[in-house]
Amino acid sequence: MNILITGCGKIGTTILDDMVNEGHNVIIMDENQSVLTSLTDIYDVMSICGNGANCNTLKEAGIDNIDVYVAATGSDETNMLSCFLAKRMGAKHTIARVKNPSFSERDIKFMKQQLDISIILNPEHLAAGDLFDILKLPEAVKVEQFSRRNFQLIELKLKPNSLLSGMNLMEIRSKYAAEYLICAVQRDDSIFIPNGKFVLHGGDKIGIIAKDTEIQKFFSYLGLIKKQAKKVMIIGGSRTAIHLAQLLLGIGISVKIIDKSDKKCRELCDLLPKATVICGDGTEHELLLEEGLLNQDAFVTLTGVDEENILLSFFAGSQNVPTVLSKVNSDQLSMLAEKLGLDRLVSPKRATTDVVLAYVRALSNSRGSNIETLYQLMDDKVEAMEFIVKSENKLLGVPLKNLKLRKDTLVAGIIRDRRTIIPGGNDCILYGDRVVIISADKKLKELSDVLA
Amino acid sequence: MNKRMIIEMTGQIVRLESILLLLPFIVAIIYGEQNCYIAFIAPSVISFAVGSLMVLYAKPKSKVIYAPDGFVITALAWTLLSLIGALPFVISGEIKSYTDAFFETVSGFTTTGASILNNVEVLSHATLFWRSFTHFIGGMGVLVLLIAILPSSSVRSIHILRAEVPGPTMGKLVPKMRSTSMLLYIIYSGLTLLLFIFLVAGGMPVFDSIIHAFGTAGTGGFGLKSDSIGGYSPYLQWVIAIFMILFGVNFNVYYLILLKKFKSAIKNNELWAYLGIITLSTILITVNVSPMYNGLGESLRQSFFQVTSIISTTGFATTNFDLWPVFSKTILILLMFSGACAGSTGGGLKVSRLVLLYKLIKRSFKTMLHPRSVEVIKLDNKTVDETTLQSVSVYFALYMLCVATFLLIICIEPFDFLTNFSAVVSCFNNIGPGLSQVGPTCNFSEYSVFSKWLLSLAMLMGRLEIYPIILATQLFFSERKSKV
């Protein structure tokens, strides 16, 4: 497919990276020539220097041949205007990044409809959602939702002395009976899509798929249940912080935000009347302790500087704060931080590109089963996809044990009429089901691709 | 540097040549030239073996090609290609010394068309075909061909194309490298086929048409006859002259025409400058040489053909322009420097660089008068960034320095200044014939062995726009030093 990306900042570049890896024809547009030059050195893409909200530039890029137009510049207005123009000039689908937190969900919906934009992306909002999910289930490293929150996929890091260590999956299943499935394991740098004989070790990162209630059951067997966070401290009054605070305050969790800038603090007070806003330097340990760091259930670092976030998280970890979360944008830094023991990292750009990737992947498959949601897990080495079966398919009605699946691919869940099924060998996929597939082979475009 | 990737890519190129060598072998079979069979089969087998060994040995851990690797791959590939491509001439015994054969092959691949053969007409069909086929391959570039046919070899192959495709900046036609390369070859082959049809329709024998189509397409200049195109009908001369202009145009223009974007196609500043230079030079020379020919028609044809042949850096000739007045000869020498458009198959400095240099000069006059004036330079209505401008002026200086160096060394030879000067300029700009003793009716066979190697180097440097050869040598020595 032909994809045009305007604005090559952090978000734009990550989307670009995904799109090139998927093999699409990508054109990038930016007003800064040197950014374009360095990107064309690395990626096999064409570049055009110019403003996306300019008709002539769009025409030059051949907008009438573009399948997906992504506007990811730093300015919401430019993004919306350029998406509108692109759509009018012949682009088939448009995606706009809109980050201003003062737009309500209704505003966004209205703009989306009026400007005929396919997706409005808010990276900070998505990241806040991810953070919120983890805070609700603090023992997980990462929580992803399928099917309107019917199904959850949870990444969990096993402690060296974990009860599960040394057991194979079949034993675990018979010992801790609940409806769940361990669907992916990361050990050091290698990824396994495990079968029943796979033996877990302490230190593994495992992916578990299950219904909300079943997860709680499983965790209580393991003695992993921590109480849901009641008091959260956030460092840095970024947009992500605002979104997160809104979500947390919505379910009655108390939030304390610390930010350096007086002006920012006033803005925060305006937007979040229920939150406690502290004006001060969040990197000062004294201040953190004074503000009751030790009594917090969770500590979230959301400043604009990755390094600051990482270091602060280490400090909070050393003070035994139960849950420590941090926002890290740079992939290299997050890999380093993870090696050093920080495992709960969230990156706004990753959350964003998952959405774009799912959308584009769904577009490139013309037949039958559509990708509904897509998540990248385990350092983006595994994909979890939710398909809706919309057409007849040779997979349908065949018990799973009789299907010859592709290597490193797993049917992890079926949702039928709001009922969730963790499939065994005798279950089969039926018309109208939603199916969750886990795959380490990142090329699945539709459901029938799972067959070997 | 990613050495294994360099070895792999070079190996692929060598293997590609083994396939290319089979085409003249087919020609030999068609014409029943049995003495040529072994001359093409042996190098083909050798290059296949060597290439496969290199690819097998390489097994690169990472497929990333960095900027220095692009230069090294380009320089190595072209050198190896010429070294192997020279073998058929020696094995068939049609060119006795390896130096001569190498000179002839480099001249072919770099689309120069300078020859050391005193008598072209005695060569076998297969050898003649190979000689001209090297023009066709070298014209658009062998690495472009490799990228077009290899399934996504490396993510950063742009560094290779940048080193091989001539011009100040490298513009892609479509987002993907591979599709761009394919498109270039499709346009190139399509134009060549069109020329072939025109030639055959004009009564040229089929084999001659193929040879001349290759020679024109790559803007090379190897022909079949000692008097080049002079013996063919005026119609054929006009056709070749017009196609020489066409192959000297930036191929992006053709792509835009294919997309029916005529407006953006004719907005190309370089194209107009190129056509302007051709028109002006033709008029001046026509007037200057008209006493030598019968009537305006013939003098116009002769001057038009010679001008297009030199500016597109092809080097065909219909008349011995060495006998022309000094004024006309000087114009031709200047045209040798100008060369064709960027992104075409022609050589030389490239018209777009001249346009930018002219604009730079104009700007510098203005800043002298108004020291605080700020002015951007535009090409095709787009602002050219300062790094490109700087690289253009540096390239010009480097280019002149290279000409001077080659000239100084070549002047050790016992020829007159004009011979040596035109030999260097003609080789460095990939034209072919020079003036005086290397004029259109003469050849380079009188030069010493050393000078032939030197001129071969000049041709390679000219084709690859200087940097790859120098940088690859520099990297080679610095790597060795760091090992010791």
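Figured I'd write up the structure that's included with this text. Because the structure is a prediction, the values reported are computed rather than measured.

Our next topic: the overall build of chain A. The secondary structure content of chain A amounts to 14 helices and 22 strands. In terms of overall size, chain A behaves like a compact globule, its C-alpha atoms giving a radius of gyration of 23 Å where 452 residues would be expected to give roughly 22 Å. With the C-alpha coordinates aligned to their principal axes, the bounding extent of chain A is approximately 65 × 65 × 40 Å. Within chain A, the proportion of its 452 residues that are buried is 45%.

What follows concerns the overall build of chain B. Looking only at helices and strands, chain B features 22 helices and 2 strands. Relative to the 2.2 N^0.38 estimate, which gives 23 Å for 484 residues, the radius of gyration of chain B is 22 Å and therefore close to what a compact globule would have. Seen along its three principal axes, the alpha-carbon backbone of chain B occupies a region of about 60 × 60 × 50 Å. Here chain B holds 484 residues, and the buried ones make up 52% of them. In chain B, the proportion of contacts linking residues at least 24 apart, taken out of those at least 6 apart, comes to 73%.

Residue and element names in this part refer to chain B. The geometry of helix α7 (residues 125-140) relative to helix α11 (residues 206-217) is characterised by a closest axis approach of 7 Å and an angle of 30° between their N-to-C directions. For the element pair α7 / α11, the angle class is roughly parallel. When the axes of α7 and α11 are compared, the crossing they make is left-handed. Within the contact between the two elements, α7 uses His125, Leu128, Ser132, Phe133, His135, Phe136 and Gly139 and α11 uses Phe207, Ile211, Phe214, Gly215 and Ala217. Across the contact of α7 with α11, the residue classes tally to 7 nonpolar, 5 polar and no charged.

This part takes up α11 of chain B. All names here are of chain B. Here α11 spans 16 Å end to end across 12 residues, near enough to the 16 Å set by a 1.5 Å rise per residue. Taken across its 12 residues, α11 has 9 buried, putting it largely inside the fold. Immediately beyond the C-terminal end of α11, within one or two residues, lies Thr219, with a positive phi of roughly 50°.

Along the chain, Ile331 of chain B falls in helix α17 (residues 326-338). Separated by 13 residues in sequence, Ile331 of chain B and Ser344 of chain B have C-alpha atoms that sit 22 Å apart.

Contacts between chain A and chain B engage 11 residues on the former and 9 residues on the latter. The set of elements that each furnish at least two residues to the side of chain A that touches chain B consists of β2 (25-30) and α2 (33-42) of chain A. If one sorts the elements of the side of chain A that touches chain B by residue count, α2 of chain A sits on top with 4 residues. Tallied by class, the residues present in the side of chain A that touches chain B amount to 6 nonpolar, 3 polar and 2 charged.

Residue and element names in this part refer to chain A. The 6 strands lie next to each other as β3-β2-β1-β4-β5-β6, forming an open sheet whose pairing is parallel. Two strands bound the open sheet, and with one partner strand each, they are β3 (46-49) and β6 (119-121). Taken pair by pair, the neighbouring strands of this sheet meet at an average axis angle of 15°, ignoring direction. For strand β4 (residues 68-71) and strand β5 (residues 93-97), the ladder comprises 4 bridges, and the chain directions are parallel. Paired with Tyr69 across the bridge in β5 is Thr94.

In terms of nonpolar packing, the biggest core is built from 133 residues, with Val424, Leu455 and Ala458 of chain B touching the most fellow members. Listed in part, the 131 residues of the second largest apolar core include Ala241, Val346, Leu410 and Val436 of chain A.

Quick notes on the rules
- Residues numbered from 1 in each chain as written.
- Chains lettered and ligands numbered in written order.
- Predicted model: local features only at pLDDT ≥ 70, side-chain atom pairs only at ≥ 80, totals over all residues.
- Helix = DSSP H or I, 4+ residues; strand = E, 2+ residues; numbered from the N terminus.
- Rg over C-alpha atoms; globule rule 2.2 N^0.38 Å.
- Buried ≥ 20, exposed ≤ 12 C-beta atoms within 10 Å, placed from the backbone.
- Contact = placed C-beta atoms within 7 Å.
- Axes fitted to C-alpha atoms, helices over the stretch in contact; angles between N-to-C directions.
- Parallel < 35°, antiparallel > 145°, perpendicular 65-115°, else oblique.
- Left-handed = near helix turned anticlockwise from the far one by under 90°.
- Nonpolar A, V, L, I, M, F, W, Y, C, P; charged D, E, K, R; others polar.
- Expected span 1.5 Å × (residues − 1).
- Pairing = 2+ DSSP bridges.
- Core = buried A, V, L, I, M, F, W, Y, C linked by C-beta atoms within 7 Å.

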